[in-house]
Amino acid sequence: MIQISALPAFTDNYIWLLQDHATQRCAVVDPGDATPVQAWLDAHPGWVLSDILITHHHHDHVGGVQALKNATHATVYGPASENIPARDVALQDNDQLSVLGWDFDVYAVPGHTLGHIAYYHHGLLFCGDTLFAAGCGRLFEGTPGQMHQSLSRLASLPEDTLVYCTHEYTLSNLKFAAAVEPGNPDIAARLEKVGQQRNAGVMTLPSTLALEKLTNPFLRTTETSVKQKADERNGQRNETPSEVFAALRAWKDKF
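Residues numbered from 1 in each chain as written. Predicted model: local features only at pLDDT ≥ 70, side-chain atom pairs only at ≥ 80, totals over all residues. Heavy atoms only, no water.

Re the packing of helix α4 (residues 144–155) against helix α9 (residues 241–254)
Put simply, α4 and α9 touch, their axes get as near as 9 Å, and they point 110 degrees apart. Between α4 and α9, the interaxial angle falls into the category roughly perpendicular. Contact residues: α4 offers Pro144, Gly145, Met147, His148 and Leu151, while α9 offers Pro241, Ser242, Phe245 and Ala246. Across the contact of α4 with α9, the residue classes break down as six nonpolar, three polar and no charged. (Axes fitted to C-alpha atoms, helices over the stretch in contact; angles between N-to-C directions. Helix = DSSP H or I, 4+ residues; strand = E, 2+ residues; numbered from the N terminus. Parallel < 35°, antiparallel > 145°, perpendicular 65-115°, else oblique. Contact = heavy atoms within 4.5 Å. Nonpolar A, V, L, I, M, F, W, Y, C, P; charged D, E, K, R; others polar.)

Things to note about the UniProt feature "binding site: Zn(2+) 1" (unreviewed entry) in the protein
Cross-referencing UniProt, the feature "binding site: Zn(2+) 1" (unreviewed entry) maps to His56, His58, His112 and Asp129 in the present numbering. The named residues occupy 74 residues along the chain; their greatest pairwise C-alpha distance, 9.9 Å, places them in one compact cluster. Tracing the sequence through the fold places His56 in the loop between β4 (48–53) and α2 (59–62). Its relative accessible area of 0% is what places His56 among the buried residues. Setting aside chain neighbours within four positions, we find His56 in contact with Asp30, His61, Val62, Pro79, Glu82, Ile84, His112, Thr113, His116 and Asp129. Residue His112 is classed as buried on the basis of its relative accessible area of 3%. (UniProt positions renumbered as here; feature names shortened; annotations may be inferred. Buried < 20%, exposed > 50% of the residue type's maximum accessible area, 1.4 Å probe, protein only.)

Side note on the environment of His56
Along the chain, His56 and Asp30 lie 26 residues apart, while their C-alpha atoms are 8.2 Å from each other. Within the structure, His56 has its side chain in polar contact with the side chain of Thr55 (distance 2.9 Å). In this structure the side chain of His56 is engaged in a polar contact, spanning 3.4 Å, whose partner is the side chain of His58. (Polar contact = N/O pair within 3.5 Å; in protein donor to acceptor, adjacent residues only side chain to side chain.)

If you want it as structure tokens, here you go:
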């Protein structure tokens, strides 16, 4: 079995650490800072960093790649269409790779950035800044239509899939979700639980796709209550789920 844990970085980033105890090899996802990874390796002699998986080019996801590559000679995987430091393997939509003996499928999920990719292994999703717990990433490069399609694609994965995104944004995202659907009991319950977790300094990830479908407004654009609130917010009839998404994202950007 591979163990997955989080190495906190910056103020709210998580670098995901995958450990194969049988071989004492490990991999990391989106090391924006080399220091937490190197500190872990120093504290666990005998372990070898063999693989680095990158979802997109933003500095808080790639800032530590070159230093880790220099120190460990790990294989660096990343999106083919983005500038990823020290990348060895350029990945495109529907590519496959094997890391620590696990097979991963690559999904192109443009929106946050144009070349953003996600890594899926049965029951596990490493989705960078595309899908967040109760939210989604800002549209720095892509269109609302692209992001809505990307989220819909991820939402079609099995409901028990664990969602490993890379930021601790859950509490603020749920406050927005509660504004979108004030009558949603699942959002209210999750908001109370996450508030307690954060007060105790406990991380709120991973999530599950089942929970996201109940509480994430960006995955609920076909719900009547969500559409009505989006219509109310931008003063027009949003005819398609993609238009509802665009209205929600514009609202969240100013929330």
